[in-house]
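Structural description and commentary
One letter stands for each residue in the lines below.
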Amino acid sequence: MSYFTAIQPIQYEGATSRNPLAFKHYNPTELVNGRTMEEWLRFAVSYWHTFTGDGSDPFGVSTMQRPWNHYQGLDLAKARVEASFEMFEKLNVPYFCFHDVDVAPEGNTLRETYRNLDKIVQMIKEYMKTSRTKLLWNTANLFTHPRYVHGAATSPNAEVFAHAAAKVKKGLEIGKELGAANYVFWGGREGYETLLNTDMKQEVDQLARFFHLAVDYAKEIGFDAQFLIEPKPKEPTKHQYDFDVATGLAFLQSYGLKEHFKFNIEANHATLAGHSFEHELRVARINGMLGSVDANQGDLLLGWDTDEFPTDLYSTTLAMYEILLNGGLGSGGLNFDAKVRRGSFEPEDLFYAHIAGMDSFAVGLKVANKLLEDRVLEDFIAERYRSYTEGVGLEIMEGRANLHTLEKYALEQTEIKNRSGRQELLKATINQYIIEVKR
Ligand code: XUL
Ligand code: CO
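Rules used throughout
- Residues numbered from 1 in each chain as written.
- Chains lettered and ligands numbered in written order.
- Predicted model: local features only at pLDDT ≥ 70, side-chain atom pairs only at ≥ 80, totals over all residues.
- Heavy atoms only, no water.
- Helix = DSSP H or I, 4+ residues; strand = E, 2+ residues; numbered from the N terminus.
- Buried < 20%, exposed > 50% of the residue type's maximum accessible area, 1.4 Å probe, protein only.
- Contact = heavy atoms within 4.5 Å.
- Polar contact = N/O pair within 3.5 Å; in protein donor to acceptor, adjacent residues only side chain to side chain.
- Expected span 1.5 Å × (residues − 1).
- Donors = N, O, S within 2.8 Å, 3.2 Å for Na, K, Ca; no water.
- Near = heavy atom within 4 Å.
- Nonpolar A, V, L, I, M, F, W, Y, C, P; charged D, E, K, R; others polar.
- Pairing = 2+ DSSP bridges.
- Axes fitted to C-alpha atoms, helices over the stretch in contact; angles between N-to-C directions.
- Parallel < 35°, antiparallel > 145°, perpendicular 65-115°, else oblique.
- Left-handed = near helix turned anticlockwise from the far one by under 90°.
- Core = buried A, V, L, I, M, F, W, Y, C linked by side-chain atoms within 4.5 Å.

**Brief notes about the environment of Thr154**
Looking at the secondary structure, you find Thr154 in the loop between strand 7 (134-139) and helix 6 (158-178). Classification of Thr154 by relative accessible area gives buried; the value is 0%. Spatially, the C-alpha atoms of Thr154 and Leu207 are 5.7 Å apart, while their sequence positions differ by 53 residues. When neighbours within four sequence positions are excluded, Thr154 is seen to be in contact with Arg189, Glu190, Gly191, Glu203, Gln206, Leu207 and Tyr241. In terms of polar contacts, Thr154 uses its side chain to reach the side chain of Glu190, at 2.6 Å.

Below is the structure:
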């Protein structure tokens with residue numbers, strides 16, 4: 001059975017192609033700085049937006065026309081698995097990601113939910129035997145069901161904590177069964193609505209306990225996937241505890257969890273936190289905590305998580321710059337946590353969207369690599385900090401200065417001269433590289 005009969009496997013046709021169903025820049029086997037594009041980019045399709053999402057929003061019902069829409073229950077879940085592997089193959093993506101509830105319907109009891117999951121996981125496993133697409137990560141949805149109204153691990157109700165813990169236990173088992181490279185924790189409801197009814201210290205302690213339990217269980221069953229925390233500042237909660245990378249890092253350090261986790265950084269979450277995407281990648285990278293990426297983009301004019309497919313070449317360039325400097329993403333990848341707009345309801349829009357995202361990151365990879373090869377920013381930055389490589393600067397950095405010696409030095413200073421930061425020149429140079437690489 002085919003779900004996307006009108007779509008042939010998407011081929012790379014080069015920058016001058018006008019075929020909307022072809023890659024113009026993503027050439028999986030092309031070598032960039034010693035690795036293939038496929039190895040650098042490690043693209044993943046996210047199951048929830050592409051196979052489960054229906055286009056509904058707080059003001060309107062579903063709009064998505066999907067060839068599996070007429071099925072229900074487990075039949076629907078099975079049809080989605082069939083459709084998903086057809087799409088993975090046609091897009092030639094190496095990875096996919098899912099939440100438990102994306103792939104199998106929740107039952108009336110936890111036991112029934114497990115039974116549904118077991119059936120679908122076995123089906124996915126069968127498909128994976130003949131498919132080249134692997135599981136980048138899975139996760140437990142601990143935010144949709146009303147039991148999570150006050151949080152999951154951070155719920156004031158220990159009954160809810162226990163239920164959420166069981167879901168994560170199952171998620172870790174599924175991850176192991178399917179050979180997941182990573183396991184993600186996004187704390188959608190792990191935050192608060194008002195401090196008036198919240199014991200913040202208690203809730204954050206609970207969250208740390210929860211993560212320790214997961215770390216212990218993964219060890220117990222020999223599941224060696226990289227654990228990832230996905231920060232987001234808010235939405236659906238007013239304040240999420242894993243606000244951004246810096247907050248998440250402080251939390252992991254305080255609770256002795258740092259060695260067990262890295263971060264899954266989502267572009268739109270970064271901007272919601274008042275940061276740029278590249279800022280979050282940078283903070284993670286310089287701390288050795290850059291694990292994986294949820295590749296999407298927000299809308300400057302909208303204050304929420306719009307989860308658009310990434311098309312901004314400036315942003316993909318600066319993201320790939322961080323990823324190249326990180327030596328790649330290790331076991332992580334670029335997961336399109338992105339949804340087609342509500343008005344883009346036809347099945348082929350799913351292909352246009354992924355092609356747009358994959359080509360945008362392929363351009364970003366090529367431009368960032370060229371910038372690094374030519375040391376466009378490196379030489380400028382090295383020169384900018386040169387004063388710390390000699391004289392008083394070196395004394396400061398090597399710990400040989402103190403406030404007495406610095407005061408003595410300052411008292412003898414004549415005029416202090418600063419140098420231009422050249423921001424506009426640097427941006428214009430990046431523009432030039434983007435234009436050249438696109439040709
Ligand atoms: C929500 C979000 C999630 C996580 C996984 O904003 O990004 O889909 O990626 O739970
Ligand atoms: Co995400």
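Having seen it, we continue.
**Concerning helix 6**
Its 21 residues give helix 6 an end-to-end C-alpha distance of 30 Å, which sits within 8% of 30 Å, the value for a rise of 1.5 Å per residue. For helix 6, the side-chain oxygen to backbone nitrogen distance between the N-cap and Glu159 is 3.0 Å, and the N-cap itself is Asn157. Just downstream of helix 6 lies Gly179, where phi reads positive at about 70 degrees.

**Topic: the coordination of the cobalt ion (ligand 2)**
Looking at the metal site, the cobalt ion (ligand 2) is ligated by Glu230 (OE), Glu266 (OE), Asp294 (OD) and Asp337 (OD), spaced 1.9 to 2.1 Å from it. Judged by its relative accessible area of 7%, Asp337 is buried.

**Some details on the site of ligand 1**
With respect to spatial proximity, the complete set of residues near ligand 1 consists of Trp48, His99, Trp137, Trp186, Glu230, Lys232, Glu266, His269, Asp294, Asp305 and Asp337. Asp305 is positioned such that a nitrogen or oxygen atom in its side chain is 3.0 Å from an oxygen atom of ligand 1. Asp337 is positioned such that a nitrogen or oxygen atom in its side chain is 2.7 Å from an oxygen atom of ligand 1. Of the residues assigned to the shell around ligand 1, the class counts are 3 nonpolar, 2 polar and 6 charged.

**A word on the sheet that holds strand 5 (residues 43-46)**
With parallel pairing, 8 strands are arranged side by side around a closed barrel as 5-6-7-8-10-12-13-14. Averaged over all neighbouring strand pairs, the angle between strand axes comes to 30 degrees, with direction disregarded.

**Side note on the side chain of Ser17**
Its place among the elements puts Ser17 in the loop between strand 1 (11-12) and strand 2 (22-23). We classify Ser17 as buried; its relative accessible area is 11%. Among the polar contacts listed, one links the side chain of Ser17 to the backbone nitrogen of Asn19, at a separation of 3.1 Å. With sequence-adjacent residues up to four places away left out, Ser17 is seen in contact with Ala22 and Lys24.

**What about the packing of helix 5 (residues 110-130) against helix 6?**
Viewed as axis vectors pointing N to C, helix 5 and helix 6 meet at an angle of 15 degrees, and their least axial separation amounts to 10 Å. As summarised for this structure, helix 5 and helix 6 are arranged roughly parallel, according to the angle between their axes. Of the two possible hands of crossing, helix 5 and helix 6 adopt the one that is right-handed. Side by side, helix 5 and helix 6 meet where Leu110, Tyr114, Leu117, Asp118, Val121, Gln122, Ile124, Lys125 and Met128 of the first sit next to His163, Ala166, Lys167, Lys170, Ile174, Glu177 and Leu178 of the second. Classifying every residue of the contact of helix 5 with helix 6 by side-chain character gives 9 nonpolar, 2 polar and 5 charged.

**Notes on the nonpolar core**
With 118 residues, the main nonpolar core has Leu41, Leu91, Ile124 and Leu334 as its most contacted residues. By residue number, the principal contributor to this core is helix 12 (residues 347-373), which donates 13 residues. The contacts of Leu91, once residues within four sequence positions are left out, are Ile10, Phe23, Val45, Phe351, His354, Ile355 and Met358. Trp48, Tyr95, Leu136 and Trp137 belong to the second largest nonpolar core, which has 8 residues in total.

**Focus: unusual backbone geometry**
Of note, the amide linkage connecting Glu235 to Pro236 takes the cis form, showing an omega dihedral of 10 degrees. If you trace the backbone, Pro236 turns up in the loop between strand 10 (226-229) and strand 11 (239-240). Even without being a glycine, Asp307 presents a positive backbone phi close to 50 degrees. On the secondary structure map, Asp307 appears in the loop between strand 13 (290-294) and helix 11 (313-325). Positive phi values are uncommon outside glycine, yet Arg375 reaches one of about 50 degrees. Summarising the element assignment, Arg375 is placed in the loop between helix 12 and helix 13 (376-384).

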